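# Structure assessment
Now for the letters of each chain:
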Amino acid sequence: MGVVKNMAFFDKIRNYLVIQKDQYSEGVISISERGKYSILMFYAILITASAFFFNSPSEIIEGMKAIVVAPSILVTDYIGLANLGTAFFNSGLLMIIAMIIVKINDVHISGPVVASIFTVVAFGFFGKNIYNIWAILLGAYLYSLTQVDNFSRYLVLAFFGTSLAPIVSQISFGFGLDPLIGIVLGNLAGVLAGIVMIPLANHFVGFHQGFNLYNMGFTAGIIATLFMAVFRSFGLENQNPNILSEGNNMVLSIYFFAFFLSMIIIGFILNNSTFSGYARLLVSSGRLISDFVTLNGFGLSLINMGIIGSVAIIYVLLVGGELSGVVVGGVMTVAGFGAFGKHIKNILPIMIGVYISSLFKIWDTNSVSYLIAALFGTSLAPISGMFGWKFGILAGFVHSSVVMNVGYLHGGMNLYNNGFSCGIVAGVIVPLIASFRKE
């Protein structure tokens, strides 16, 4: 009797979320836009509400004050700067804002949209906050006006482009300028960055041929490097805050394992209570643009997000790493791209390559830098997906060295430092692989 009731409950959920029960398009169950939006908003509210489990409202308010006025360049862990509750509240609030913007602009929720939203969420744990994202978004909107086009077409790039949010915060609060002058100049710089990033991103994708999933990370690295060159020419230098948290492995492991398990369960329900079709998703190389939501369905995408998010947590724990805000951001980014190019088959070779490299190089496997190199380095997943696991390991091995040396160029103002590195690695390795492969 209990099983029957449970199946009836699942049917009610599907009836609400699916366009028509068991409607298929080339074997993919069609989930309504209302259904996708409802699920994503559920997670936004869940993350926000979770804040009050960790800290009191007064502690969260004080924490929000602290992170809003922080320069927020790499590495500024909001858990370490404030507390767990503040980091969750900031992250959840950013996701709610992103979802409202999606709704207002009537954006179709595809794989790239899901990935861009989760990237905003991920960096809500370090670097992005309710103050420093707006100038970047405004710049992207102004660019859409210059093109006499709908902002909805540029929304994904705008969300990814908030990688440059530290430019706003650093100028506003990091250079010791008069507060009013700093805020005005910081936001003007953010608007400028938001305007130029979209045409540059569309251009730079050709450099790595779609083998770097964090294309905006590469673009933002170039833009932030230019900004930093100007700052240094005036004698302005960024100080590395190196704010990190530790000691939260138990509570964060439990939380995020439950979080990702819920994704797998909800995806399973939406996929007609089956994992059917997942093997087909794993065949994808992941090369841009691999929209798993459109190609494989929202349900399977959620399943994939839950699986690789769990794998990311397991990797961190196996190597003895700390689940700091920075590492949690890496885990959430990996999960978000489970809707847009990443799956367990194409990310594992990259992570293994980074791990192997740590056995020979000067950095510790469980250091924060190496943990995020392994997590964010999965931006190179299309290399292993297209050319095989051996080249994936090679890409991860090379990336681990490059990423340790590019941060100085942009002074920590590009939050997607690994995306910058992955663009360089893919731009060099892919042509060489294509030239020397006999197949």
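Residues numbered from 1 in each chain as written. Predicted model: local features only at pLDDT ≥ 70, side-chain atom pairs only at ≥ 80, totals over all residues. Heavy atoms only, no water.

### Focus on the pattern of salt bridges
Between side chains of opposite charge, a pair can form as their charged atoms come close. The final tally for this structure, using the stated rule, is 4 salt bridges. Ionic pairing is found between D149 and R153, a salt bridge with its closest N-O pair at 2.6 Å. According to the relative accessible area criterion, D149 is partly exposed, its value standing at 24%. Using a relative accessible area of 62% as the deciding quantity, one classes R153 as exposed. Among the salt bridges present, the one from E237 reaches R232, with a minimum N-O distance of 3.0 Å. Overall, the relative accessible area of 23% leaves R232 in the partly exposed class. (Salt bridge = Lys/Arg side-chain N within 4 Å of Asp/Glu carboxyl O. Buried < 20%, exposed > 50% of the residue type's maximum accessible area, 1.4 Å probe, protein only.)

### So, the nonpolar core
Inside soluble globular proteins, nonpolar side chains tend to come together where they are buried. Within the largest apolar cluster, 121 residues are counted, with the highest numbers of intra-cluster contacts made by F88, M95, F256, F259 and M332. Considering every element that reaches this core, the biggest residue donor is helix 5 (residues 84–104), with 11 residues. If we ignore the near neighbours within four places in the chain, the residues touching F259 are Y43, L46, I47, F118 and M332. With 12 residues, the next largest nonpolar core counts A395, C422, V430 and I433 among its residues. (Core = buried A, V, L, I, M, F, W, Y, C linked by side-chain atoms within 4.5 Å. Helix = DSSP H or I, 4+ residues; strand = E, 2+ residues; numbered from the N terminus. Contact = heavy atoms within 4.5 Å.)

### Let's talk about the packing of aromatic side chains
Scanning the entire structure with this criterion turns up 34 aromatic pairs. Geometrically, the ring pair formed by F88 and Y255 is edge-to-face, given 4.9 Å between the ring centres and 80° between the ring planes. Of this pair, F88 sits in helix 5 while Y255 sits in helix 12 (residues 249–270); the two residues are 167 residues apart in sequence, bridging distant segments of the chain. The two residues F88 and Y255 agree in class, both being buried. Ring centres of F123 and F126 lie 4.7 Å apart, and the angle between their planes is 35°; this geometry places the pair in the tilted category. In this structure F123 comes out as buried when scored by relative accessible area, which is 2%. R232 extends its terminal NZ or CZ atom over the ring of Y408, reaching a point 4.0 Å from the ring centre. Note that K361 overlies the ring of F397, its terminal NZ or CZ placed 4.4 Å from the centroid. (Phe/Tyr/Trp six-rings, centres within 6.5 Å; stacked < 30°, edge-to-face > 60°. Lys NZ or Arg CZ within 6 Å of the ring centre and 35° of its normal.)

### What to know about helix 12
Its 22 residues place the ends of helix 12 31 Å apart at the C-alpha level, agreeing with the 32 Å of an ideal helix rising 1.5 Å per residue. Along helix 12, the residues classified as buried are L252, S253, Y255, F256, F259, F260, S262, M263, I264, G267, I269 and L270. Positive backbone phi, at 65°, marks N272, one or two positions downstream of helix 12. (Expected span 1.5 Å × (residues − 1).)

### Quick look at the packing of helix 11 (residues 215–233) against helix 21 (residues 417–436)
The interhelical angle for the contact between helix 11 and helix 21, taken along N-to-C directions, is 105°, at an axis separation of 7 Å. Overall, the two elements helix 11 and helix 21 adopt an arrangement that is roughly perpendicular. Between helix 11, through G217, F218, G221, I222 and T225, and helix 21, the contact on the second element is made entirely by G419, F420, G423 and I424. When its residues are assigned to classes, the contact of helix 11 with helix 21 shows 4 nonpolar, 5 polar and no charged. (Axes fitted to C-alpha atoms, helices over the stretch in contact; angles between N-to-C directions. Parallel < 35°, antiparallel > 145°, perpendicular 65-115°, else oblique. Nonpolar A, V, L, I, M, F, W, Y, C, P; charged D, E, K, R; others polar.)

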